[in-house]
Amino acid sequence: MKKVRWGILGTGNIAHKFASDLRLVDNAELVAVGSRSLETAEKFADELGITISFGSYEELAKSAEVDIIYIATPNNLHHPNTLLCLNNGKAVLCEKPFAMNENQALEMISSARGKNLFLMDALWTKFLPHYQKMIDIVKSGILGDIKAVLANFGFRANAEPNSRLLNPELGGGSLMDIGIYNIFTTLDILGIPDEIKVSTNTTDQGIDEQCAIIFEYNNGAMANLFSTISADLGTEVEISGTLGRLKMTAPFYDSNSVLELYVDGKKTIIETEKEEGLGYQYEARHATNCLLNGLTESPVVTHSDTVLLMQTLERIRNLAGIVFPMEQDSNLGRKA
Ligand SMILES: NC(=O)c1ccc[n+]([C@@H]2O[C@H](COP(=O)([O-])OP(=O)(O)OC[C@H]3O[C@@H](n4cnc5c(N)ncnc54)[C@H](OP(=O)(O)O)[C@@H]3O)[C@@H](O)[C@H]2O)c1
């Protein structure tokens with residue numbers, strides 16, 4: 001069978017992890033890497049057994065040897081880097097957050113659709129077997145009507161002041177980096193919230209260090225979502241309904257997370273399929289299969305899922321007053 005030829009744009013932390021897991025995907029071949037510096041690209045290529053190294057993102061985007069490019073740069077660059085690849089005829093898997101705001105996301109999606117190219121938001125945890133099982137259990141009705149979702153994601157960053165995580169120029173902060181997992185998980189379980197409440201604390205550099213969000217629903221359901229880059233938390237998700245409770249154990253993004261189901265006073269541990277690797281192979285396999293089947297949009301992370309997530313992030317940011325330097329001229333992040 002034909003192999004899908006992958007390129008990676010950016011050579012940081014997540015690029016290494018993704019490249020390593022891509023080796024677990026049949027019908028996928030990692031052929032090229034692009035970096036701002038040729039030396040860095042060559043070092044990455046040596047480590048991961050990649051044949052072609054480029055000292056610029058443009059050269060990677062233009063390469064005739066590549067079918068799809070994984071964007072692994074800081075948040076503020078997802079929009080220009082994705083457009084660069086699409087404009088050069090490449091399919092794209094773009095790291096989260098897909099864009100800094102809804103307008104950017106719409107432009108990226110419109111570009112891909114206009115060119116008939118595959119484009120997907122890399123919400124990798126949605127492809128983990130235990131996450132999919134969690135959705136099946138919620139939909140089965142065994143928990144009854146869902147009344148509460150509690151989702152926490154926190155770690156102590158200890159990052160350099162100019163690091164991607166702490167730097168507003170690079171789209172840093174807990175909300176865009178890790179709070180986003182709590183949000184899309186809750187959107188999958190409860191849907192669009194009718195009301196949102198938010199409280200954040202902000203660093204001297206101007207990013208949210210901690211972000212507490214409440215989603216309220218007209219049917220009485222509520223969700224409590226907390227993200228922090230200044231404290232370790234048990235990063236887990238708990239879903240409670242009128243008939244039972246389900247927990248994705250910490251860390252819930254890890255493929256070793258298990259599901260604990262509590263119904264009728266009985267606890268059942270639900271194990272799901274485990275593979276070697278860090279868990280990025282599931283989304284990579286899905287994107288590879290989408291390309292092999294001629295799809296331009298994933299049926300699991302649809303373009304409307306991406307737009308809804310970006311809209312929800314904007315609702316939260318408007319309430320919290322989170323505005324990034326590149327958006328100073330827009331109405332975004334203005335306190336409601
Ligand atoms: N899915 C996940 O589990 C997960 C986990 C962590 C991060 N992420 C996402 O992946 C993206 C990258 O995160 P990361 O942790 O890999 O970041 P990172 O280690 O800082 O790497 C980012 C890479 O982007 C390139 N880059 C281009 N312009 C840059 C700039 N001005 N400053 C710093 N780097 C720049 C660099 O590659 P070159 O020098 O080669 O050009 C750098 O190695 C972020 O959007 C983040 O939200 C996802």
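Calculation notes
Residues numbered from 1 in each chain as written. Predicted model: local features only at pLDDT ≥ 70, side-chain atom pairs only at ≥ 80, totals over all residues. Helix = DSSP H or I, 4+ residues; strand = E, 2+ residues; numbered from the N terminus. Buried ≥ 20, exposed ≤ 12 C-beta atoms within 10 Å, placed from the backbone. Contact = placed C-beta atoms within 7 Å. Pairing = 2+ DSSP bridges. Axes fitted to C-alpha atoms, helices over the stretch in contact; angles between N-to-C directions. Parallel < 35°, antiparallel > 145°, perpendicular 65-115°, else oblique. Left-handed = near helix turned anticlockwise from the far one by under 90°. Nonpolar A, V, L, I, M, F, W, Y, C, P; charged D, E, K, R; others polar. Near = placed C-beta within 6 Å. Domains from an automatic or database assignment. Arc of directions from axis to C-beta.

Undergrad: Explain the overall build of the chain residue by residue, including any values.
TA: The number of helices and strands found in the chain is 9 helices and 14 strands. A principal-axis box enclosing the C-alpha atoms of the chain has dimensions of 55 × 45 × 40 Å. Burial status across the chain gives 47% buried among its 336 residues. For the chain, restricting intrachain contacts to residue pairs at least 6 apart in sequence, the fraction spanning at least 24 positions comes to 66%.

Undergrad: I'd like a rundown of the pairing of strand E9 (residues 208-216), residues and numbers included.
TA: Pairing of strand E8 (residues 195-202) with E9 involves 8 bridges; the strand directions are antiparallel. The residue bridging Glu195 from the neighbouring strand is Glu216, located in E9. Note: E9 against strand E10 (residues 222-228), 7 bridges, orientation antiparallel. Bridging across to E10, Ile214 finds its partner in Asn224.

Undergrad: Outline the packing of helix H1 (residues 13-22) against helix H8 (residues 280-292), listing residues and values.
TA: Orientation of H1 relative to H8, taken along the N-to-C sense of each, is 65°, at an axis distance of 8 Å. Taken together, the axes of H1 and H8 lie roughly perpendicular to each other. In terms of crossing hand, the pair formed by H1 and H8 is right-handed. Of the residues in H8, those touching H1 at Lys17, Phe18, Asp21 and Leu22 are Tyr280, Gln281 and Ala284. When grouped by side-chain class, the residues that make up the contact of H1 with H8 number 4 nonpolar, 1 polar and 2 charged.

Undergrad: Mind laying out the sheet that holds strand E4 (residues 68-71), listing which residues take part and the relevant values?
TA: Ordered in space as E3-E2-E1-E4-E5-E6, the 6 strands form an open sheet in which the pairing is parallel. Bordering the open sheet on either side are strand E3 (52-54) and strand E6 (119-121), each of which pairs with just one other strand. When the angles between neighbouring strand axes are averaged without regard to direction, this sheet yields 25°. Across 4 bridges, E4 lies against strand E5 (residues 91-94) in parallel orientation. Looking across to E5, one finds that Ile68 is bridged to Ala91. Running over the sheet, helix H4 (residues 78-87) touches strand E1 (4-9), E4 and E5 and is turned about 160° from E5. On the sheet, H8 packs against E1, strand E2 (28-34), E4, E5 and E6 and is oriented at approximately 130° with respect to E1.

Undergrad: I'd like to hear about the environment of Asn75, residue by residue, with values.
TA: In this fold, Asn75 is placed in the loop between E4 and H4. Residues Asn75 and Gly172 lie 97 residues apart in sequence; the distance between their C-alpha atoms is 7.4 Å. With residues near it in sequence (within four places) discarded, Asn75 still touches Pro97, Met100, Leu170, Gly171 and Met176.

Undergrad: Tell me about the site of the ligand, and name the residues and values.
TA: In the vicinity of the ligand lie 21 residues, with Gly10, Thr11, Gly12, Ile14 and Ser35 positioned nearest. Considering each element in turn, the shell around the ligand owes the most residues, 3 residues, to H1. The class makeup of the residues in the shell around the ligand is 8 nonpolar, 8 polar and 5 charged. Inspection of the shell around the ligand shows a minimum of three residues originating in each of domain 1 (4-124 + 280-301) and domain 2 (129-278 + 310-327).

Undergrad: Please set out the sheet that holds strand E14 (residues 266-270) residue by residue, giving values where relevant.
TA: Taken together, 8 strands build an open sheet; the order of strands is E8-E9-E10-E7-E11-E12-E13-E14 and the sheet is mixed. Since the sheet does not close on itself, it has two edges, and those belong to E8 and E14, each with one partner. The sheet shows a mean angle of 10° between the axes of neighbouring strands, taken without regard to direction.

Undergrad: Give a description of the packing of helix H5 (residues 102-115) against helix H9 (residues 303-320) that names residues and reports values.
TA: The interhelical angle for the contact between H5 and H9, taken along N-to-C directions, is 165°, at an axis separation of 9 Å. Between H5 and H9, the crossing angle belongs to the class labelled roughly antiparallel. The interaxial crossing formed by H5 with H9 has right-handed handedness. In this structure, H5 uses Glu102, Ala105, Leu106 and Ile109 to contact H9, whose residues at the interface are His303, Thr306, Val307, Met310, Gln311 and Glu314. When grouped by side-chain class, the residues that make up the contact of H5 with H9 number 5 nonpolar, 3 polar and 2 charged.

Undergrad: Give a description of helix H2 (residues 38-48) that names residues and reports values.
TA: For H2, the full list of buried residues reads Ala41, Phe44 and Ala45. Projected down its long axis, H2 carries its buried residues within an arc of 100°, all on one side. Turned more than 90 degrees away from the buried face of H2 sit Glu39 and Asp46, all of them exposed. Those residues of H2 that are buried are in contact with E2 and E3.

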